[in-house]
Amino acid sequence: MRYISTRGQAPVLGFEEAMLSGLARDGGLYVPETWPTLGREEIAAFAGLPYEEVAFRVMRPFVGDAFTDTEFRGIIDRAYAGFGHAARCPLVQLDANHFLLELFHGPTLAFKDVAMQLIGQMFQVSLGRSGRRVTIVGATSGDTGSAAIEAFRGLEAVDVFIMYPHGRVSDVQRRQMTTVPDANVHALAIDGDFDDCQARLKDMFNHHAFRDEMGLAGVNSINWARVLAQVVYFFTSAVALGAPHRPVRFTVPTGNFGDIFAGYVARRMGLPVERLAIATNQNDILHRTLQSGAHVKEGVVPSISPSMDIQVSSNFERLLFDLYDRDAQEIARLMAALGQAGGFELSPAALAQLREGFASGRASEEETADAIRATLSRSAELLCPHSAVGVKVAEEQPASAAPMITLATAHPAKFPDAVEAATGIRPALPQRMADLFDRPERLTRLPNDLAAIENFVSGNRR
Ligand SMILES: *Cc1c(COP(=O)(O)O)cnc(C)c1O
């Protein structure tokens, strides 16, 4: 399988190189040259298999010859061995036809672990083989950073630098990044919001001399391997509820559009997904795009679902690429307009296609809290605020015979203040991280300035 950039000006790469580099050199995102498909029989045969086996079968066509089958099975097994649930990503029933897909049983209690643990194992095998070193830099609105740190801590061939917006992540999120003692891990508190962190990350990758000298590798949700890992649970959950014999629907709490794009990939591969609903909080650029056809940035307003507080959804570019029939020149033009003019209008054809496959909704702060409270009283489930945004939007979708699966993206204990404010219940951390608030913190505060950040990275690699 070969990977091409959405902007058409970067070298075509194999899976391993696309994984190690993250962002393409022309500022675009890597996508597979074609979408592999699975037959109805192949999908039906997933029923009853362990998560790891389905993961192997779904991801294999994308990985090509980057790993032998034995290597790849080992990678998958090690990635999920530390999960706190035997099913890895279990389903819970909320209502007659509404299910919750729990994606938070990994080491940092958010769905990011599902992909990041896998990537950590892939990097280890790949770098071990080549003797290369890499410097991982990441930007996080909270959950990616800790997931990356957990996945790469202590690895000999990797240094990790994670930028997060100072003062805008929860205490649990921050402590998960700042209390890791390994010398190859650096948590950087940037004076700015998540979009600033993400912009500096892109600047670093577009500074090719620095990128090459440091051996930069990106593991943000724009990394193709992350999206790929997330495709798996769309299959496992859909098959558990009767696919491919009946269609299913998904609602995905959305920020950077990585998770829901994985659902789109599952559909392209042949999974019968009737509708994918994009659930946003008050930072609702994607909901506005579906409503009006105009994709226009607005400032970020901090919310109780901070991992979705963004104004630009990077992975949306991958969907646009398909909506515009893979016209890379057109995508480069749209992205330039987004950067310079702050937005663009979708073409009528692209908008029509978008609305055919996707629905959208938004939840205000109050509606999010209401959904946490209502779900607790109706179904005895305590939701994190992100998952609550999803449940609220799922419940307002038109009735259908197809089961609705809402992705539960984080454990409620990761956002205890919001959950307590809504319900009066303060969710406890799982036993394995009960001492999180007693561990010493280690972080570096830096201005929102490329040179300062680059200096720190080059001076602190091992
Ligand atoms: C990252 C994150 C999201 C948003 O996922 P995207 O792939 O960026 O759309 C939602 N909820 C939680 C808890 C997250 O950590």
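Treat the numbers as computed from the prediction; the structure is a model and nothing was measured.

A. Summary view of the overall build of the protein chain. A tally of helices and strands in the protein chain yields 19 helices and 16 strands. Its C-alpha radius of gyration of 20 Å places the protein chain within 12% of the 23 Å reference for a compact globule of 462 residues. For the protein chain, the residues scored as buried account for 63% of the 462 residues in total. Contacts in the protein chain between residues far apart in sequence, at least 24 positions, make up 76% of those at least 6 positions apart. Each charge class in the protein chain was averaged separately, 44 positive and 54 negative side chains, and the resulting centres sit 2 Å apart.

B. Layout of the site of the ligand. Contacts to the ligand come from 15 residues, most closely from K112, D143, G255, N256 and T409. Within the contact set of the ligand, an oxygen atom lies 2.8 Å away from a backbone nitrogen or oxygen of G255. For the ligand, the protein covers 97% of the area, taking 380 Å² as the surface of the free molecule. For the shell around the ligand, the per-class residue count stands at 5 nonpolar, 7 polar and 3 charged.

C. Inspection of the packing of helix α3 (residues 51-63) against helix α10 (residues 224-240) at higher detail. Two numbers describe how α3 lies on α10: the axes approach to 9 Å, and their chain directions differ by 135°. Classified by the interaxial angle, the pair formed by α3 and α10 is oblique. As for the relative orientation of α3 and α10, their crossing is right-handed in sense. Judged by residue contacts, Y51, V54, A55, V58, M59, F62 and V63 of α3 engage W224, L228, A229, V231, V232, Y233, F235 and T236 from α10.

D. Local environment of helix α16 (residues 365-379). In this model α16 runs 21 Å from its N-terminal to its C-terminal C-alpha over 15 residues, within 8% of the 21 Å that 1.5 Å per residue would give. Next to the buried residues of α16 lie β4 (91-95), α17 (385-395) and α18 (416-423).

E. Representation of the UniProt feature "domain: Threonine synthase N-terminal" (unreviewed entry) in the protein chain in the model. Per the UniProt record, "domain: Threonine synthase N-terminal" (unreviewed entry) is annotated on residues 2-80. For the annotated span residues 2-80, helix accounts for 47% and strand for 11% of the residues, and the straight-line distance between the end C-alpha atoms is 27 Å.

F. Representation of the packing of aromatic side chains within the structure. The final tally for this structure, using the stated rule, is 19 aromatic pairs. When the ring of W35 is compared with that of F261, the centres are 6.2 Å apart and the planes differ by 55°; the resulting orientation is tilted. Taken together, the residues W35 in the loop between β3 (30-32) and α2 (40-44) and F261 in helix α11 (residues 258-268) connect sequence positions 226 residues apart. Take W35: its relative accessible area is 12%, and that puts it in the buried class. Overall, the relative accessible area of 0% leaves F261 in the buried class. Above the face of the F56 ring, R73 is positioned so that its terminal group lies 3.8 Å from the ring centre.

G. Looking closely at the nonpolar core. In this structure, F15, F123, F152, F235 and F250 are the most contacted members of the largest nonpolar core, which totals 117 residues. Residue contributions to this core peak at 12 residues, all from α10. F152 has contacts with M116, I119, G120, F123, I136, V158, V160, N184 and V219, leaving out every residue within four places of it along the chain. Core analysis: the next-biggest nonpolar cluster, separate from the first, contains 22 residues, A139, F194, C197 and F205 among them.

H. Structural detail: the packing of helix α13 (residues 316-323) against helix α15 (residues 348-357). Following both chains from N to C, one finds α13 and α15 inclined at 115°, their axes separated by 9 Å at the closest point. The two elements α13 and α15 cross, and the hand of that crossing is right-handed. Along its contact with α13, which presents F316, L319 and L323, the element α15 presents A350, Q353 and L354. Partitioned by chemical class, the residues of the contact of α13 with α15 number 5 nonpolar, 1 polar and no charged.

I. Region of the structure containing unusual backbone geometry. With an omega of 5°, the peptide bond running from A243 to P244 counts as cis. Looking at where P244 falls in the secondary structure, it is placed in the loop between α10 and β10 (248-253). Residue L109 is not a glycine yet carries a positive backbone phi of 70°. Mapped onto the secondary structure, L109 falls in the loop between β5 (98-102) and α5 (112-130). A residue is classified by how much of its surface remains accessible, and L109, at 1% relative accessible area, is buried. In this model, R326 sits at a positive phi of 60°, which is unusual for a non-glycine residue. Its location among the elements puts R326 in the loop between α13 and α14 (328-340).

J. Here's a closer look at the pairing of strand β15 (residues 404-408). Across the 5 residues of β15, 5 count as buried, placing the element largely inside the fold. Neither face of β15 is left uncovered, since the one carrying M404, T406 and A408 and the one carrying I405 and L407 both have all their residues buried. Where β5 meets β15, 5 bridges bridge the pair, whose relative direction is parallel. What sits directly across from L101, in β15, is L407. Pairing between β10 and β15: 3 bridges, direction parallel. Bridged to T251 within β15 is T406.

K. Structural detail: the sheet that holds strand β8 (residues 185-190). Spatial strand order, β9-β6-β7-β8-β16: 5 strands in an open sheet with parallel pairing. Single-partner strands in this sheet number two, and they are β9 (216-218) and β16 (444-446). The mean angle between the axes of side-by-side strands here comes to 30°, regardless of whether they run parallel or antiparallel. Two elements, β8 and β16, share 3 bridges in a ladder whose sense is parallel. Opposite L188, over in β16, you have T444 as the bridge partner. Here helix α7 (residues 171-178) sits on the sheet in contact with β7 (158-165) and β8, set at roughly 155° to β7. Contacts from helix α8 (residues 194-206) reach β6 (134-139), β7, β8 and β9 within the one sheet, and its direction differs from that of β6 by about 150°.

Thresholds, definitions, all that
Residues numbered from 1 in each chain as written. Predicted model: local features only at pLDDT ≥ 70, side-chain atom pairs only at ≥ 80, totals over all residues. Heavy atoms only, no water. Helix = DSSP H or I, 4+ residues; strand = E, 2+ residues; numbered from the N terminus. Rg over C-alpha atoms; globule rule 2.2 N^0.38 Å. Buried < 20%, exposed > 50% of the residue type's maximum accessible area, 1.4 Å probe, protein only. Contact = heavy atoms within 4.5 Å. Lys, Arg positive; Asp, Glu negative; His and termini not counted. Charge placed at Lys NZ, Arg CZ, Asp CG, Glu CD. Near = heavy atom within 4 Å. Polar contact = N/O pair within 3.5 Å; in protein donor to acceptor, adjacent residues only side chain to side chain. Areas by Shrake-Rupley, 256 points an atom, 1.4 Å probe, with all protein chains shown as cover. Nonpolar A, V, L, I, M, F, W, Y, C, P; charged D, E, K, R; others polar. Axes fitted to C-alpha atoms, helices over the stretch in contact; angles between N-to-C directions. Parallel < 35°, antiparallel > 145°, perpendicular 65-115°, else oblique. Left-handed = near helix turned anticlockwise from the far one by under 90°. Expected span 1.5 Å × (residues − 1). UniProt positions renumbered as here; feature names shortened; annotations may be inferred. Phe/Tyr/Trp six-rings, centres within 6.5 Å; stacked < 30°, edge-to-face > 60°. Lys NZ or Arg CZ within 6 Å of the ring centre and 35° of its normal. Core = buried A, V, L, I, M, F, W, Y, C linked by side-chain atoms within 4.5 Å. Pairing = 2+ DSSP bridges.

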